[in-house]
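# Descriptive analysis of the structure
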Amino acid sequence: MIDAQNITKRYGKVTALDNVSFSIDVGKSIALWGANGAGKTTIIRSLLGVHSFGGTLTVDGIDVQKFGKRVRQRIGYVPQEMAFFDMSVLETLQFYAQLKKVNADVIPTVLAAVKLIGQDPKRVSALSGGMKQRLALAIALLADPKILLLDEPTASLDAHAQQDFIHMIQNLNASGKTIVFSSHRFEEVAALADHIVWLEGGKLKALCTPSELATDLGLRQWLRVEIAREYQSAAISSLSDKGYHHVPNGKAIYINIQTHQKVDILRLFDESHIPITDFDVTDSYAVPQQEEVS
Amino acid sequence: MDAMNILIIARKELRDALRNRWFVLFTLSFAGLALALSALSQPTGTQLRLASYSRTAASLINLVLLFVPLISLTLGTSGLASDRETGALAYLLAQPVNHAEVLLGKYVGTAVALLASLLLGFGVAGIALTLQGQNTNPQSYIMTVFFACLLALALLSIGFLIAVIVHKSSTAVTSGLFVWLLLVFVGDLGLMGATIVTQLPIQTIFWIASLNPLQMFKISAILNIQANLEVLGPIGIYATEQYGVVLLPMMIVGLLLWTVIPMFVALLVFSNHSLITLKRKPA
């Protein structure tokens, strides 16, 4: 679907991208990961074909540098900062539908998809940040593109709106759309990405999975282990002896681990003859609610 | 290039202009002043009555020389620059459109709004004159309107060129105002000063003056009314004698060139920009 080979981009003396290569398969969700200045937005601009660069980049088999407009027809783009013209929601959608050569009949469908039904007469300036983000997603979906390109999609949203937006993107990915998004929030990457293009100082540092990235970054997750009540005291004692931070929560114990330590915990309980009834790794990196073990 | 995209963007620009309160204020002011001038341009001052088309056209020349460059340059510089500053331009360029379509669409839309505003102003004055039965020479009046429209388009092109070169909205508008001052005031005064100091030959002074689109408009409009340029002094007499009937077409072509060349350069510059560098965020 997307094939980038030796992408290099310089702004004067600054090298924003230095020989970056990667490829993305159809239907995958890829995160462009890195700190500010790593080159994430430059890759997004390159994918949109809105600046010149060295190397080759094809989207759906089309050369981005030669046929940028055709490539943009296949991509739905959601920018980091919402910048719309001073129009109503409906006028905005009509305007972009015309540019994308899409019949205005699709507007109610995309409004429903992004939960903006009833907002169409409102001025865009009257919308909240989350609603503007959803409007940008609605515009991106107008032409039913194969690829969604999102630049720091939840950076300016509150926690609730972030979850809402991530859920929408997950559904779109599940429906077969290829997702490419930039982020420097690991929770977002963990929730959305199959693979990560990890950039550092304009160079490709690694192509990895969210779990590998978490390990590399020394990030910690919560392993949720269900244990029968009669074994919980022994389990807590074993965890304390080994120095694991843990939080009892009903019939489960949440154990704070690095991503590579999951097997260590299971082995510890096995060696201590503590039967486990279920376990999973939570997506959240937040501390779970503590409940007394009864 | 997709003409439909140009049309879509032009329609949006036209709608934006009609919602712009400054633009509406300009339109009403221009119409009011044109109407007032048509009433005040009377041959004798004892009794207020509407003057003839030619006399009104002559009065409107000064109004056009002051107002039209100001609004054209302001509209030209502000629209593109502020869209760039808010990020709306970058977002537009991330859609299936190309640079030329966006710039031409914005130009066409703004131009239509500007010309509609001028036509309204001139139209109000023209209708008032007609109602008073002073329609002795409407042709010269219509030609003056035509020259004013050419001047507006030329200065709008210059405004777009400034907006493409200067990235910051406030700098673009300030630059537009500076160009307005240069063309309206400094151009004339500077040329007069240079003439006195350097003793330039009259043909050189004429050509230097004629490079100013405002002078092109003034010469065209005066020639349209009275067939010679005696009112402009020795330079006017020289130009009339030297170029005769060719002078008016020369000035019209000059105004057209002032429309086409800055816009062409603006298109080249704009198309070579790294589009979404417009927000200057390299990573």
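Residues numbered from 1 in each chain as written. Chains lettered and ligands numbered in written order. Predicted model: local features only at pLDDT ≥ 70, side-chain atom pairs only at ≥ 80, totals over all residues.

Our focus in this paragraph is the overall build of chain B. A tally of regular secondary structure across chain B gives 11 helices and 0 strands. In sequence order, chain B lays out its α and β elements as α-α-α-α-α-α-α-α-α-α-α. For chain B, the proportion of its 283 residues judged to be buried stands at 46%. Sequence-distant contacts in chain B: of pairs separated by 6 or more residues, those separated by 24 or more amount to 82%. (Helix = DSSP H or I, 4+ residues; strand = E, 2+ residues; numbered from the N terminus. Buried ≥ 20, exposed ≤ 12 C-beta atoms within 10 Å, placed from the backbone. Contact = placed C-beta atoms within 7 Å.)

Each helix and strand counted, chain A has 10 helices and 14 strands in total. Its C-alpha atoms give chain A principal-axis dimensions of roughly 65 × 45 × 30 Å. Looking at chain A as a whole, 39% of its 294 residues are labelled buried. The long-range share in chain A, meaning contacts at least 24 apart out of those at least 6 apart in sequence, stands at 68%.

The next subject is the domain arrangement of chain A. It is common to report an interface's size as the accessible area lost on association of the parts. Partitioning chain A into structural domains gives domain 1 (2–217) and domain 2 (220–281). Placing a centre on the C-alpha atoms of domain 1 of chain A and another on those of domain 2 of chain A gives a separation of 38 Å. (Domains from an automatic or database assignment.)

If you look at the interface, chain B gives 21 residues, while chain A gives 30 residues. Contributions of two or more residues to the side of chain B that touches chain A are made by helix H1 (3–19) and helix H4 (88–93) of chain B. Considering every element that reaches the side of chain B that touches chain A, the biggest residue donor is H1 of chain B, with 4 residues. Along the lines of polarity and charge, the residues of the side of chain B that touches chain A split into 11 nonpolar, 7 polar and 3 charged. (Nonpolar A, V, L, I, M, F, W, Y, C, P; charged D, E, K, R; others polar.)

Moving on, we come to unusual backbone geometry. Residues and elements named next belong to chain A. For Asn-6, which is not glycine, the phi dihedral falls at a positive 55°. By C-beta crowding, Asn-6 is classed as partly exposed, having 14 other C-beta atoms within 10 Å. Even without a glycine there, the phi angle at Lys-115 is positive, about 60°. Position of Lys-115 relative to the elements: it lies in the loop between helix H4 (107–113) and helix H5 (129–141). A residue is classified by how many C-beta atoms lie within 10 Å of it, and Lys-115, with 15 of them, is partly exposed.

The terminal C-alpha atoms of helix H9 (residues 213–226) of chain B, which comprises 14 residues, lie 20 Å apart, in line with the 20 Å expected from a rise of 1.5 Å per residue. Of all 14 residues in H9 of chain B, 12 are buried; the element is thus mostly enclosed. (Expected span 1.5 Å × (residues − 1).)

Once that is clear, we can look at the pairing of strand S7 (residues 147–151) of chain A. Residues and elements named next belong to chain A. Most of S7 sits out of view: 5 of its 5 residues are buried. The side-chain alternation of S7 yields two buried faces, one formed by Ile-147, Leu-149 and Asp-151 and the other by Leu-148 and Leu-150. Looking at chain direction, strand S6 (residues 75–78) and S7 are connected through 4 bridges and run parallel. Its bridge partner being in S7, Ile-75 is matched across the sheet by Ile-147. (Pairing = 2+ DSSP bridges.)

With that out of the way, let us pick up the packing of helix H6 (residues 138–165) of chain B against H9 of chain B. Residues and elements named next belong to chain B. The interhelical angle for the contact between H6 and H9, taken along N-to-C directions, is 170°, at an axis separation of 9 Å. Comparing the axis directions of H6 and H9 gives the class roughly antiparallel. Seen from H6, the contacting residues are Ser-140, Met-143, Thr-144, Phe-147, Leu-151, Ala-154 and Leu-155; seen from H9, they are Pro-213, Phe-217, Ser-220, Ala-221, Asn-224 and Ile-225. For the contact of H6 with H9, the per-class residue count stands at 9 nonpolar, 4 polar and no charged. (Axes fitted to C-alpha atoms, helices over the stretch in contact; angles between N-to-C directions. Parallel < 35°, antiparallel > 145°, perpendicular 65-115°, else oblique.)

Residue and element names in this part refer to chain A. Spatially, 6 strands are ordered S6-S7-S8-S3-S9-S10 in an open sheet, and the strand pairing comes out mixed. Every interior strand has two partners, whereas the edge strands, S6 and strand S10 (203–208), have only one. Strand after strand, the sheet turns through a mean of 15° between neighbouring axes, direction not considered. Contacts from helix H8 (residues 210–217) reach strand S3 (29–33), strand S9 (195–200) and S10 within the one sheet, and its direction differs from that of S9 by about 40°.

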